[in-house]
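In case you want the letters, here they are:
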Amino acid sequence: MTDRLNGISVFVTAVGAGSFALAASRLHLSRSAVGKTIARLEQRLGVRLFHRTTRSLSLTDDGALFYERCLRALEEIRAAETQLESGKREVSGRLRVSMPVLFGRMCIAPLLTELAREHPGLELELSFNDRVVDLIEDGFDLAIRNGELANSSGLVARRLGNHRMALCAAPAYLQRRGEPQSIEELAQHDAVAYVRAGVVRNWLIPEAGGVTREMMPGTRLQMDDLQAIADAAVAGFGIAWLPCWLVREQLIKGELVRIMRDRPGLFFDAHAVWPQTPHLPLKVRMAVDRLASKLPANMELIEAKPVG
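Residues numbered from 1 in each chain as written. Predicted model: local features only at pLDDT ≥ 70, side-chain atom pairs only at ≥ 80, totals over all residues. Heavy atoms only, no water.

### With respect to the packing of aromatic side chains
According to the stated counting rule, one finds six aromatic pairs in the structure shown. Aromatic pair Phe11 and Tyr67: ring centres 6.2 Å apart, planes at 85°, arrangement edge-to-face. Of this pair, Phe11 sits in helix H1 (residues 2-17) while Tyr67 is found in helix H4 (residues 61-88), placing the two residues 56 residues apart along the sequence. By relative accessible area, which is 0% here, Phe11 ends up buried. With 6.4 Å between their ring centres and 75° between their planes, Trp241 and Phe268 make a pair best called edge-to-face. Pair noted here: Trp241 is in strand E12 (residues 240-243) and Phe268 is in strand E14 (residues 266-275), with a separation of 27 residues, a long-range link. A residue is classified by how much of its surface remains accessible, and Phe268, at 29% relative accessible area, is partly exposed. (Phe/Tyr/Trp six-rings, centres within 6.5 Å; stacked < 30°, edge-to-face > 60°. Helix = DSSP H or I, 4+ residues; strand = E, 2+ residues; numbered from the N terminus. Buried < 20%, exposed > 50% of the residue type's maximum accessible area, 1.4 Å probe, protein only.)

Here's what the structure looks like:
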């Protein structure tokens, strides 16, 4: 019976992946192992499930019918597992999560590894990548996304917290150049700018009445890595516009100082996103709950207290 269920799982994964090679990657098997499993399944059923060519993989009529029934059966099994898991509150199985590189490493991964420490049966596979993955096609259980979400059918989202952005500079730089008090003065300073795909990203500066102004002073340095920008700001190369969670330690130590603090804050939401399903697996639900409860504290703005 175990071999039969394993064959069905490999078959369903191969259909979703569109190739044996990609299915093998998702299942952590060799391509030949996937091919042999499908061949044994076809031999046992007495039908051909796939049309195979060197460039494509498609279902036969029998394969399409069998695939629909397998999906229903696996969904029932997952629903039963979820109900049992909910009763014992013990998380188990592999959880695949995609997250932005720097934000994931500094804020998300520590919370998920803490959860894994509490639940020895939970296996984590964390992917750090700034591209927007296709959760279903790439086989992820959960993704962390920042900013405005695109309309995506078949996905569910939950807000986890927000990124507060801050203009900051080293005390030595401000002593040398003076602290700007207005947009006009800010425009005369040096900036350490974020560049992506060859385009410098403008700063968004909130003003009274809910208006947001785009601007970018002259740039001495342009970088595509936020940590490098923070390091350059600490070194006194200019003013940087960065999320507070990234520079909170530098702010606490006084290595950086927030400027133009009297202006309204600018925030970007962080969301957890997962495929829509009638029965959310316990491992996903507990991971999202942990992030929603602990992440806001990891993203809080904390600065050195003024002396005196």
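### Structural notes on the environment of Ala21
With respect to the helices and strands, the residue Ala21 is situated in helix H2 (residues 20-27). Exposure remark for Ala21: the relative accessible area of 43% places this residue in the partly exposed category. Separated by eleven residues in sequence, Ala21 and Ser32 have C-alpha atoms that sit 8.7 Å apart.

### Looking at helix H9 (residues 226-234)
What H9 keeps buried is the set Ile229, Ala230, Ala232 and Ala233. Along the axis of H9, the buried positions cluster into a sector of 160°, meaning they face one direction only. On the buried face of H9, the contacting elements are strand E7 (190-196), strand E11 (218-223), E12 and helix H10 (244-253). Its side-chain oxygen 3.1 Å from the backbone nitrogen of Gln227, Asp225 forms the N-cap of H9. (Arc of directions from axis to C-beta. Contact = heavy atoms within 4.5 Å. Polar contact = N/O pair within 3.5 Å; in protein donor to acceptor, adjacent residues only side chain to side chain.)

### Describing the sheet that holds E7
The three strands are arranged E8-E7-E11 in an open sheet whose pairing can be described as mixed. Because the sheet does not close on itself, it has two edges, and the strands there are strand E8 (199-200) and E11. Across five bridges, E7 lies against E11 in parallel orientation. Across the sheet, residue Asp190 finds its bridge partner in E11, namely Gly218. Strand contacts of H9: E7 and E11, with the helix running at about 170° to E7, the strand carrying the most contacts. (Pairing = 2+ DSSP bridges. Axes fitted to C-alpha atoms, helices over the stretch in contact; angles between N-to-C directions.)

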